[in-house]
Amino acid sequence: RHSRGVYYLAEFTPFGERCISDAQLFHDRFIGGANGYQTGASLLHEWGLTTQIPRQRYFVSNRFRSKVPDAMSGFVVVHRPAVRVTKKNLEYLRWLDAVSSLRTVPVEVANPMQMLVSIAMKRGLEERLLRHLADKGGSAWVRARLAEAL
């Protein structure tokens, strides 16, 4: 038992018993099963729009009220989603959050919206659903960028 409600099978190594890592615990609690996703500068870095590697990593999760493991509390911030995250809308919400992050994160590519549109096309995101989710939970700035790009 790791903590209240969290159980794991210990892994035996030549150096003794190894318990579950904080990173795995975080992933299982906040992101696993399409509960959430990474956002902000770390998402833009993952997609190649910026070279910044932020000190804090931002996540959006349906389980935003759960406690972040103590070892990660200074480096991880969990926000409430504007729209409940599901397997169907996960990639759409990530893409819309990437557009939203363009406001605050400096990017090194010449035309970031063009790059994001190509990412959306590669991932097979439908314009109709992007517009619907932007209307439902996006800011006016995101809706304007979406209208310009698509």
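Residues numbered from 1 in each chain as written. Predicted model: local features only at pLDDT ≥ 70, side-chain atom pairs only at ≥ 80, totals over all residues. Heavy atoms only, no water.

Peer 1: So what's going on with the overall build of the protein? Which residues, and what values?
Peer 2: If you tally the helices and strands in the protein, you get 6 helices and 5 strands. In sequence order, the secondary structure elements of the protein are arranged as β-β-α-β-α-β-β-α-α-α-α. For the protein, the proportion of its 150 residues judged to be buried stands at 40%. Intrachain contacts of the protein at a sequence separation of at least 6 include 57% that bridge at least 24 residues. (Helix = DSSP H or I, 4+ residues; strand = E, 2+ residues; numbered from the N terminus. Buried < 20%, exposed > 50% of the residue type's maximum accessible area, 1.4 Å probe, protein only. Contact = heavy atoms within 4.5 Å.)

Peer 1: Talk me through the nonpolar core; I want residue IDs and the actual numbers.
Peer 2: Counting 30 residues, the largest nonpolar core has Trp47, Leu49, Trp95, Leu96, Leu116 and Leu130 as the members making the most contacts within it. When residues of this core are traced back to their parent elements, those giving at least two are helix 2 (41-46), helix 3 (90-101), helix 4 (112-122), helix 5 (127-137) and helix 6 (140-149). The element that contributes the greatest number of residues to this core is helix 3, accounting for 7 residues. Ignoring sequence-local partners within four residues, the contact set of Trp95 consists of Trp47, Met113, Leu116, Val117, Ile119, Ala120, Leu125, Leu130 and Leu146. (Core = buried A, V, L, I, M, F, W, Y, C linked by side-chain atoms within 4.5 Å.)

Peer 1: Can you lay out the pairing of strand 4 (residues 57-61) for me, pointing to particular residues and giving the numbers?
Peer 2: Relative to strand 4, strand 3 (residues 36-39) runs antiparallel, the two sharing 4 bridges. From the neighbouring strand, Gln38 faces strand 4, where its bridge partner is Phe59. Where strand 4 and strand 5 (residues 76-79) come together, 4 bridges link them in parallel fashion. Bridge pairing in strand 5 places Val60 opposite His79. (Pairing = 2+ DSSP bridges.)

Peer 1: Report on the environment of Leu129, specifying residues and quantitative values.
Peer 2: As for its position among the elements, Leu129 is in helix 5. When near neighbours in sequence (up to four residues on either side) are disregarded, Leu129 contacts Lys88 and Tyr92.

Peer 1: Run through the packing of helix 3 against helix 6, naming residues and quoting values.
Peer 2: In contact at an axis separation of 9 Å, helix 3 and helix 6 are set at 100° when each is read in the N-to-C sense. In terms of their interaxial angle, helix 3 and helix 6 are classed as roughly perpendicular. On helix 6, the residues touching Trp95, Leu96, Val99 and Ser100 of helix 3 are Trp141, Val142, Arg145 and Leu146. Its residues assigned to classes, the contact of helix 3 with helix 6 comprises 6 nonpolar, 1 polar and 1 charged. (Axes fitted to C-alpha atoms, helices over the stretch in contact; angles between N-to-C directions. Parallel < 35°, antiparallel > 145°, perpendicular 65-115°, else oblique. Nonpolar A, V, L, I, M, F, W, Y, C, P; charged D, E, K, R; others polar.)

Peer 1: Report on the layout of surface pockets, specifying residues and quantitative values.
Peer 2: The calculated volume of the largest pocket comes to roughly 420 Å³. What lines the largest pocket is a set of 22 residues, and nearest its centre among them are Tyr37, Thr39, Val60, Asp97 and Ser100. Every element with two or more residues in the lining of the largest pocket is listed here: strand 3, strand 4, helix 3 and helix 5. For the lining of the largest pocket, the element with the highest residue contribution is helix 3, accounting for 5 residues. The class makeup of the residues in the lining of the largest pocket is 11 nonpolar, 9 polar and 2 charged. (1 Å grid on protein atoms, 1.4 Å probe; cavity = no way out; pocket = protein on both sides within 12 Å on 5 of 7 lines; lining within 4 Å. Points joined across faces, edges and corners; volume = space filled by probe spheres on them.)

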